[in-house]
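Coordinate inspection notes
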Amino acid sequence: GSGPSSPAMEARLFERLRARAAGSVGPHHWTHALAGFAWLQRGLAVLERDPVVLYGEEEFRGISQEVARWLDANAPDNAEQRMSALFATVRLEHNLGGGLAAWGYDPNDPLGGGLESAKRLADHGWHVSVEGVTQGSGRAAAGEETGGAQVYSSGAPALSEGSGLSTVRQPPRCLGSWR
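Residues numbered from 1 in each chain as written. Predicted model: local features only at pLDDT ≥ 70, side-chain atom pairs only at ≥ 80, totals over all residues. Heavy atoms only, no water.

The number of helices and strands found in the chain is 5 helices and 4 strands. Counting every position in the chain, which comprises 179 residues, the buried fraction comes to 40%. Total accessible area on the chain stands at roughly 9,500 Å², and carbon and sulfur atoms take up 50% of it. (Helix = DSSP H or I, 4+ residues; strand = E, 2+ residues; numbered from the N terminus. Buried < 20%, exposed > 50% of the residue type's maximum accessible area, 1.4 Å probe, protein only. Areas by Shrake-Rupley, 256 points an atom, 1.4 Å probe, with all protein chains shown as cover.)

Attention now goes to the environment of Val53. Structurally, Val53 can be placed in the loop between α2 (30-49) and α3 (57-74). Its relative accessible area of 2% is what places Val53 among the buried residues. Remark: the alpha-carbon pair of Val53 and Gly43, spanning 10 residues in sequence, is separated by 8.6 Å.

Turning our attention to the pattern of salt bridges. A side chain of one charge can pair with a side chain of the opposite charge if their charged atoms are brought near each other. Under the defined criterion, the tally for this structure stands at 8 salt bridges. A salt bridge links Arg120 to Glu80, with the nearest nitrogen and oxygen atoms 3.4 Å apart. Of the two residues, Arg120 sits in helix α5 (residues 117-123) while Glu80 sits in helix α4 (residues 79-96), which places them 40 residues apart along the sequence. Measuring nitrogen to oxygen at the nearest pair gives 3.1 Å for the salt bridge that ties Lys119 to Asp123. Of this pair, Lys119 and Asp123 both sit in helix α5, 4 residues apart, roughly one helical turn. Several salt bridges share partner residues, and in doing so they unite Glu57, Glu58 and Arg61 into one network. (Salt bridge = Lys/Arg side-chain N within 4 Å of Asp/Glu carboxyl O.)

The subject of this paragraph is the packing of aromatic side chains. Within the structure shown, the criterion is met by 3 aromatic pairs. A ring pair is formed by Trp39 and Tyr55, whose centres lie 4.9 Å apart and whose planes are at 85 degrees; its orientation type is edge-to-face. One end of the pair, Trp39, is in helix α2; the other, Tyr55, is in the loop between α2 and α3, and 16 residues separate them in sequence. By relative accessible area, Tyr55 is classed as buried at 5%. Taken together, a centroid distance of 6.4 Å and an interplanar angle of 75 degrees make the contact between Tyr55 and Phe60 edge-to-face. Each member of the pair, Tyr55 as well as Phe60, is classed as buried. Connected via pairs of aromatic rings, a cluster forms that spans Trp39, Tyr55 and Phe60. (Phe/Tyr/Trp six-rings, centres within 6.5 Å; stacked < 30°, edge-to-face > 60°.)

This paragraph deals with the environment of Leu121. By secondary structure assignment, the location of Leu121 is in helix α5. Separated by 14 residues in sequence, Leu121 and Gln135 place their C-alpha atoms 10.0 Å apart. With sequence-adjacent residues up to four places away left out, Leu121 is seen in contact with Leu86, Phe87, Val90, Pro110, Trp126 and Val128. (Contact = heavy atoms within 4.5 Å.)

Of the residues in the chain, 74% have a pLDDT of 70 or more, and the chain-wide mean is 77. Within the chain, no element has a lower average pLDDT than strand β4 (residues 165-169), which sits at 30, and none a higher one than α3, at 95. Counting interchain partners and residues more than four positions distant, the pLDDT-below-50 stretch residues 138-179 has 83 contacts. (pLDDT = per-residue confidence, 0-100.)

For the rest of this paragraph, the subject is helix α1 (residues 6-24). A rise of 1.5 Å per residue sets the reference length of α1, with its 19 residues, at 27 Å; its end C-alpha atoms lie 27 Å apart and thus fit the reference within 8%. Structurally, α1 contributes buried residues whose contacts are with α2 and α3. (Expected span 1.5 Å × (residues − 1).)

Pasting the structure below:
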């Protein structure tokens, strides 16, 4: 359809929940971090499905940084939650770029603390370097990545590739009341 997808509407809901949590219990409360994590996951779904993305790269990176810091400070031993957040961020970084450091993670040892996160990423086909994240063999290379939507922070058209030809995709437009 021409309106926002379900993931886009859910992302907006989590964005409002984050704002309410920040205003009522503060940005250091777990509800704020959880809503940020949920927003990242829904944002990833939006990138997979929607040709128009109303969030900029800086929003994705900023929330990823907040979630990474919160989990590191408040749940350092919760490897599964931290890995879940890292995997979402890796897929976002793979699509949007900037390197893991810009997303809140050390590219040499993303989670630290002996959690062997770099090895776990490699086991899933992700190769992390200072420059960014690439896919090799494993599950990630078998197609578990985001699709064709692109996010624009500058407002300038970007090139996308398809069938060997480069075409210009227009920057997203704000659709009014739902944003």
